[in-house]
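Survey of secondary and tertiary structure
What follows is the residue order along each chain.
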Amino acid sequence: MEHVARKLNKTPEEVREINLYRKGQVKNGSEKTARKYKRLNCTGKDRYEMAQKTRRESKKIKLYRKGQITPLGYTIPYCNIRRLWKELQQSAEFAKRKVEVESFNKANRWRKRGLALCPGKFNIDPQTQTFTVLVTVYKADGTVAVTHGGIEMGQGINVKVAQVAARTLGIPMEKVTIKQNTTHVSPNGSITGGSITSDLCCKGTMEACEILNRRLAPVKEQMKKAPWPQMIASAALQKVDLSVKHMASNTIAGFYVSYGVALAEAEIDVLTGERLIKRCDILFDCGESINPDVDVGQVEGAFMMGVGLWLHEKQYFDHHTGQELSTGTWTYKPPTTKDIPIDFRVALLKDAPNPLGVLNSKASGEPPATMACSCLFAVKHAIEAARKEIGKDQHFTLDGPATVEHIQLHCLVDHAQMTL
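Since we're looking at a predicted model, the values are computed, not measured. (Residues numbered from 1 in each chain as written. Predicted model: local features only at pLDDT ≥ 70, side-chain atom pairs only at ≥ 80, totals over all residues. Heavy atoms only, no water.)

**Observations concerning the nonpolar core**
The condition that has to hold: Throughout this description, the term nonpolar core refers to a set of buried Ala, Val, Leu, Ile, Met, Phe, Trp, Tyr and Cys residues connected via side-chain atoms within 4.5 Å. Whether a residue is buried, partly exposed or exposed follows from its accessible area with a 1.4 Å probe, protein chains only, as a fraction of its type maximum: under 20%, in between, or over 50%, in that order. Helix and strand definitions follow DSSP, with helices as H or I runs of at least four residues and strands as E runs of at least two, each counted in order from the N terminus. What marks off one domain from the next here is an automatic or database domain assignment. Residue contacts are counted whenever heavy atoms from the two residues lie within 4.5 Å of one another.
Counting 38 residues, the largest nonpolar core has Val135, Val144, Val146, Val176, Leu216 and Trp228 as its most contacted members. At the level of elements, β2 (130-137), β3 (144-147), α8 (157-169), α9 (197-222) and α10 (228-237) are the ones that each hand at least two residues to this core. The dominant element in this core, judged by the number of residues it contributes, is α9, at 9 residues. For this core, the domains that each give at least three residues are domain 1 (65-125 + 255-417) and domain 2 (132-247). Once residues within four sequence positions are removed from consideration, valine 144 is found in contact with Val135, Thr136, Val137, Leu169, Ile171, Lys175, Val176, Thr177 and Trp228. In this structure, Val270, Val379, Ala402 and Ile407 belong to the second largest nonpolar core, which totals 34 residues.

**Looking at the pattern of salt bridges**
How we decide: Whenever a carboxyl oxygen of Asp or Glu lies within 4 Å of a side-chain nitrogen of Lys or Arg, that contact is scored as a salt bridge.
All told, the structure shown has 20 salt bridges when counted by the stated rule. Ionic pairing is found between aspartate 281 and arginine 97, a salt bridge with its closest N-O pair at 3.0 Å. Here arginine 97 lies in helix α7 (residues 94-107) and aspartate 281 lies in strand β7 (residues 275-284), a separation of 184 residues in the sequence. The class of arginine 97 is buried, set by a relative accessible area of 4%. Residues glutamate 384 and lysine 380 are paired through a salt bridge, measuring 2.7 Å at the closest nitrogen-oxygen approach. Placement of the pair is glutamate 384 and lysine 380 together in helix α12 (residues 373-389), with a separation of 4 residues, close to one helical turn. Here lysine 380 falls in the buried class, since its relative accessible area comes to 4%. Within this structure, Glu2, Arg6, Arg16, Lys380, Glu384 and Asp393 form a network of salt bridges that share partners.

**Thoughts on the side chain of asparagine 213**
What counts here: Within 3.5 Å is the distance limit for a polar contact, defined as a pair of N or O atoms, with the added protein rule that one can donate a hydrogen and the other accept it, and that residues adjacent in sequence qualify only through two side-chain atoms.
With respect to the helices and strands, the residue asparagine 213 is situated in helix α9. At 3.4 Å, the side chain of asparagine 213 and the side chain of lysine 220 are in polar contact.

**Comments concerning α9**
So the rule is basically this: One fewer than the residue count of a helix, multiplied by 1.5 Å, yields its expected span. Fitting one axis to the seven residues ending at a residue and another to the seven starting there, the bend at that residue is the angle between the two axes.
With 26 residues, α9 ought to run about 38 Å at 1.5 Å a step, and its terminal C-alpha atoms sit 38 Å apart, in line with that. Along its length, α9 shows its largest kink, about 50°, at leucine 216, and proline proline 218 lies within four residues downstream of that point.

**So, the pairing of β3**
Put simply, the test is: The criterion for strand pairing is that DSSP finds at least two bridges linking the strands in question. Note on handedness: a clockwise path from strand one over the helix to strand two, with the strands aimed away from the viewer, defines a right-handed crossover.
Covered by surrounding structure in β3 are Val144 and Val146 together with Ala145 and Thr147, the residues of both alternating faces. Relative to β3, β2 runs antiparallel, the two being bridged by 4 bridges. What sits directly across from valine 135, in β3, is valine 146. Hairpin connection, β2 to β3: the antiparallel pair is bridged by 6 residues, and glycine 142 has positive phi, about 80°. As defined by bridge partners, β3 adjoins strand β4 (residues 176-178) across 3 bridges and the pair is classed as parallel. Its bridge partner lying in β4, valine 144 is registered against valine 176. On the question of chirality, the crossover connecting β3 to the parallel β4 by way of α8 is right-handed.

**Regarding the pairing of strand β8 (residues 343-348)**
As judged from the 6 bridges shared by β7 and β8, these two strands associate in the parallel manner. Residue pairing in the sheet places cysteine 280 in a bridge with phenylalanine 344 of β8. One crossover worth recording links β7 to the parallel β8 by way of helix α11 (residues 292-311), and it is right-handed.

**Some points on the confidence of the model for the protein**
This is how it is decided: Confidence of the predictor at the level of single residues is captured by pLDDT, which takes values from 0 to 100.
Per-residue confidence for the protein averages 87 on the pLDDT scale, and 86% of its residues sit at or above 70. In this model residues 24-48 is a low-confidence stretch, pLDDT under 50, and it forms 31 contacts with partners more than four residues away in sequence or in other chains. pLDDT under 50 marks residues 50-63. Its contacts with residues more than four places away, or in other chains, come to 23 contacts.

**Thoughts on α12**
An α-helical turn contains 3.6 residues, so a residue and the one three or four places further along point in the same direction. Relative to the 24 Å expected for 17 residues at 1.5 Å per residue, α12 spans 25 Å between its end C-alpha atoms, a close match to the ideal helical length. Burial runs high along α12: 15 of the 17 residues are buried. Glycine 391 sits one or two positions beyond α12 and adopts a positive phi of about 75°.

**Remarks on the packing of α8 against α9**
Two quantities define a packed helix pair, namely the angle between the helix axes and the distance between the axes. Our working definition: Helix axes are fitted to C-alpha atoms over the stretch in contact, other axes to C-alpha atoms as well, and angles between N-to-C directions run from 0 to 180 degrees. Working rule for angles: under 35 degrees goes down as roughly parallel, over 145 as roughly antiparallel, 65 to 115 as roughly perpendicular, anything else as oblique. Handedness of a crossing is defined here by the sense of rotation of the near helix relative to the far one, left-handed for an anticlockwise turn of less than a right angle and right-handed for a clockwise turn. Under the convention adopted here, Pro, Cys and the residues Ala, Val, Leu, Ile, Met, Phe, Trp and Tyr are nonpolar, Asp, Glu, Lys and Arg are charged, and Gly plus all remaining residues are polar.
Taken N-terminus to C-terminus, the directions of α8 and α9 make an angle of 25°; their axes are 9 Å apart at the nearest point. Taken together, the axes of α8 and α9 lie roughly parallel to each other. The chirality of how α8 crosses α9 is right-handed. Contact residues: α8 offers Ile157, Lys160, Val161, Val164, Ala165, Thr168 and Leu169, while α9 offers Thr197, Ser198, Cys201, Cys202, Thr205, Met206, Cys209, Glu210, Leu212 and Asn213. Considering only residue class, the contact of α8 with α9 consists of 10 nonpolar, 5 polar and 2 charged.

**A look at the sheet that holds strand β6 (residues 256-269)**
Taken in spatial order, the 4 strands make up an open sheet running β1-β6-β7-β8, and their pairing is mixed. Two strands in the sheet have a free side with no partner beyond their single neighbour: β1 (111-124) and β8. Across the sheet, the mean angle separating the axes of adjacent strands is 15° when strand polarity is ignored. Of the strands in this sheet, β1, β6 and β7 touch α7, which is tilted by about 145° from β1. Along the sheet, α11 makes contact with β6, β7 and β8, crossing β8 at roughly 130°.

Here it is as structure tokens:
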């Protein structure tokens, strides 16, 4: 898109906006355009001129609509990407900061800044995964123990499962304890991955607790104002089964998409190639978040993993044997605390319930990583500013990871430029 934008004399953001998903798209519009070009026997030059003449028509062709089928064969039932795109530009003051970046670049020869606005899209499809949940209520004090098939690795799955259990049973969260996963209690579970495990384990927990609620309904009717511990003790005396084992499988209505938009501002040292992410603004669609603190943390973490991919983690191999040489941090550089944007602002889209998600929520584990390319493009735009100053304003490709040495080499610094 960067190359297309340069050829059409437009900004990358304009080209990206043209290609954002949108409700109401005419299906297979791009195929109709291809057939049109073929019928007219167009050359590459003809296509370029035709595109210039029919920009308004091509915009309509490229915009997705509700019900549109994506290249992977998925139907888009809900789409908030254009709302995210518009709101982030306003909240992050994109237009104002773009002018400020241009002014900075004119005033500084050896330090340049770049600004990049990028959308992100991640498909969530739970149809092939299953997880078993065991919910047990203890008669002595009414405490609840939950064992689920997911693996807690810092993504907050245990917190969300505890919240869902407490909410469904109508008890304080302090009453709920998450027990360690075991294959004896939760056998045949799927992998913890694809950003869907938290969703499915929460849904399985909710359904198991609903089964418990139905069992407890007669006791609740008898003891309408009784505290939870007393009601559970009475239920145990009445031989109510206080343990439910339930498998969460295909329990979400179906495929949905997580969207987000990121605006990154980077500054580079033209002489050394050192780069700094000065600020990053992210607006992410998490539906009605089960736990905003957890989800914001997931957005930050996933984004930084993407930053590592695009700016840091280059692998080296022996050209003769194929052996990987980047086996330690001397050669393999994952991002550290010093690589986090100096000003890191993350917000969740408001008033955007997801009817296809658990409690109207959306997954937040991996989707934000798709927006980290904004840092790569921000660095690229800074390099473009440096090249423009020496009269070499041609398109170039900056592949990831854009390490310090790659940035410096792409700036095309020459000793002849170093004059007073």
